[in-house]
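Single-letter residue listing:
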Amino acid sequence: MGDVAMTVPVIRALVAQYPQLQVTIVSRPFFKAFFEGIPNLHFFEVDLKHRHKGFKGLINLFHDLIPLGVDAIADLHNVLRSKVVRTLFALKGAKIAYTDKGRADKKALTRAQNKVFKPLKTMFDRHVETFEKLGFPIDLYSKSNANLFPPKAVLSETILNITGDKQAYKWIGIAPFAQYEGKVYPKDLMQQVIDNLASHSNYKIFLFGGGSAEQQALEVFAQGKNNVINLVGKLQFAQELQLISNLDLMLSMDSGNGHIAAMLGLKVITLWGATHPYAGFVPFNQPLDYCLTANRTLYPLLPTSIYGNKVVEGYHDAMRSISPQSITDTITHLL
């Protein structure tokens with residue numbers, strides 16, 4: 001999810017600077033909402049369960065895309081599926097470019113021995129390079145990118161029945177989960193963060209997650225607090241995006257929720273454990289000051305992985321070196 005969200009600001013800048021282009025995004029139907037409202041953009045829904053499943057399905061996908069009159073392919077995912085499709089288009093004469101994910105540099109950043117600890121190129125800059133190879137250089141931070149972020153959504157009555165009117169409140173989103181435990185802030189410390197924020201009468205906190213286990217955990221976080229709302233099971237995904245666009249700030253792990261909030265133009269504070277912002281996955285347009293990292297003096301092998309799926313012995317408590325007070329102080333300062 002985060003990988004797709006990170007393409008959105010680049011696509012918005014592309015169509016803003018090249019209004020003559022017709023762009024087709026080829027992805028899972030779930031992600032269509034990310035690209036709503038972008039001019040000159042068509043979203044092609046991939047059916048990975050049936051028509052586009054397996055190698056034969058990729059051939060079907062190729063044939064389904066041919067009527068669109070594709071002149072060039074920008075492979076922003078660069079995995080086996082996309083490599084097959086782009087190769088078929090190359091054989092047909094289309095111009096091809098793909099995003100170099102910098103795997104060797106990332107391996108050097110995360111290895112235990114002879115670690116090369118330095119900032120790597122961001123994924124946004126890597127995607128920009130891909131379009132430059134196709135003949136479309138992009139100034140991602142140009143002031144001419146008037147539509148780099150969408151306008152705040154007008155909230156429906158369904159959403160407002162859950163959130164209440166914003167009025168004088170500051171709305172804060174918190175997404176306390178991630179795919180891997182190495183990126184998840186300890187629950188007892190997150191409870192302290194939520195308690196501290198909830199003590200501000202002008203703050204309203206919305207908790208994001210999914211699934212029954214996360215729903216139960218969020219219920220505990222919200223228990224007894226009128227200004228803390230667990231959103232799990234209450235809104236459709238598109239409605240969640242509309243709500244997020246109206247937040248004043250998002251607190252997230254190194255996860256997709258942070259990238260979603262950033263693509264909508266929010267301030268995003270991220271917490272980093274086994275991973276590190278130097279790997280190039282800082283949410284779009286967010287300064288490093290908004291990235292709170294585990295203490296590398298205490299845990300010098302950090303980062304131990306790119307995705308948080310590798311936690312070395314003795315490093316399970318690395319995120320405890322990020323104090324709840326430092327998180328709440330950063331949030332209150334930004335608000």
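Preceding this section is the structure that the text describes.
A. Spotlight on the side chain of Thr 330. You can see Thr 330 is positioned in helix H12 (residues 324-334). Sequence-distant contacts of Thr 330, that is, excluding residues within four places in its chain, are made with Ile 269 and Leu 292.

B. The sheet that holds strand E7 (residues 228-230), seen in detail. Taken in spatial order, the six strands line up as E7-E6-E5-E8-E9-E10 in an open sheet, and their pairing is parallel. Edge positions in the sheet fall to E7 and strand E10 (291-293), since each has one partner strand and no second. Ignoring strand direction, the axes of neighbouring strands in this sheet form an average angle of 15°. Alignment of strand E5 (residues 170-175) against strand E8 (residues 249-253), held across four bridges, turns out to be parallel. Counterpart to Gly 173 in the pairing with E8 is Met 250. Against the sheet, helix H11 (residues 256-263) makes contact with E5, E8 and strand E9 (267-272), and its axis sits at roughly 155° relative to E8, the strand it touches most. Helix-sheet contacts for H12 involve E5, strand E6 (203-207), E8, E9 and E10, and the interaxial angle to E9 is about 170°.

C. Broad picture of the packing of helix H2 (residues 8-17) against helix H6 (residues 123-133). Across the interface, H2 lies against H6 with an axial gap of 9 Å and an inter-helix angle of 40°. With respect to H6, the axis of H2 lies oblique. The handedness of the crossing between H2 and H6 is right-handed. Residue-level contacts link Pro 9, Val 10, Ile 11 and Leu 14 of H2 to Phe 124, His 127, Val 128 and Phe 131 of H6.

D. Structural context of the packing of aromatic side chains. Under the criterion given, the structure shown has 14 aromatic pairs. Seen in terms of ring centroids, Phe 30 and Phe 237 are 4.3 Å apart; in terms of plane orientation they differ by 25°. Their pairing is stacked. Of the two residues, Phe 30 sits in the loop between strand E1 (23-27) and strand E2 (41-45) while Phe 237 sits in helix H10 (residues 237-244), which places them 207 residues apart along the sequence. The class for Phe 30 is partly exposed, based on a relative accessible area of 44%. A centroid spacing of 4.9 Å and a plane angle of 80° characterise the contact between Phe 62 and Phe 89, whose relative ring orientation is edge-to-face. Pair noted here: Phe 62 is in helix H3 (residues 54-65) and Phe 89 is in helix H4 (residues 80-91), with a separation of 27 residues, a long-range link. In terms of burial, Phe 62 and Phe 89 fall into one category: buried. Taken together, the aromatic side chains of Phe 30, Phe 31, Phe 34 and Phe 237 make up a single cluster linked through ring pairs. Sitting over the ring of Tyr 98, Arg 86 keeps its end group 4.1 Å from the ring centre. The cationic tip of Lys 133 hangs over the ring face of Tyr 98; the distance from NZ or CZ to the ring centre is 5.6 Å.

E. Region of the structure containing the pattern of salt bridges. Scanning the model with the defined rule gives nine salt bridges in all. A salt bridge links Asp 254 to Lys 183; the nearest nitrogen and oxygen atoms lie 3.9 Å apart. Here Lys 183 lies in the loop between E5 and helix H8 (187-198) and Asp 254 lies in the loop between E8 and H11, a separation of 71 residues in the sequence. Like Asp 254, the residue Lys 183 is buried in the burial classification. With its nearest N and O atoms 3.0 Å apart, the salt bridge here joins Lys 225 to Asp 195. Separated by 30 residues along the polypeptide, Lys 225 in the loop between helix H9 (212-222) and E7 and Asp 195 in helix H8 bring together distant segments of the chain. When its relative accessible area of 19% is taken as the criterion, Lys 225 is described as buried.

Scoring rules and cut-offs
Residues numbered from 1 in each chain as written. Predicted model: local features only at pLDDT ≥ 70, side-chain atom pairs only at ≥ 80, totals over all residues. Heavy atoms only, no water. Helix = DSSP H or I, 4+ residues; strand = E, 2+ residues; numbered from the N terminus. Contact = heavy atoms within 4.5 Å. Pairing = 2+ DSSP bridges. Axes fitted to C-alpha atoms, helices over the stretch in contact; angles between N-to-C directions. Parallel < 35°, antiparallel > 145°, perpendicular 65-115°, else oblique. Left-handed = near helix turned anticlockwise from the far one by under 90°. Phe/Tyr/Trp six-rings, centres within 6.5 Å; stacked < 30°, edge-to-face > 60°. Buried < 20%, exposed > 50% of the residue type's maximum accessible area, 1.4 Å probe, protein only. Lys NZ or Arg CZ within 6 Å of the ring centre and 35° of its normal. Salt bridge = Lys/Arg side-chain N within 4 Å of Asp/Glu carboxyl O.

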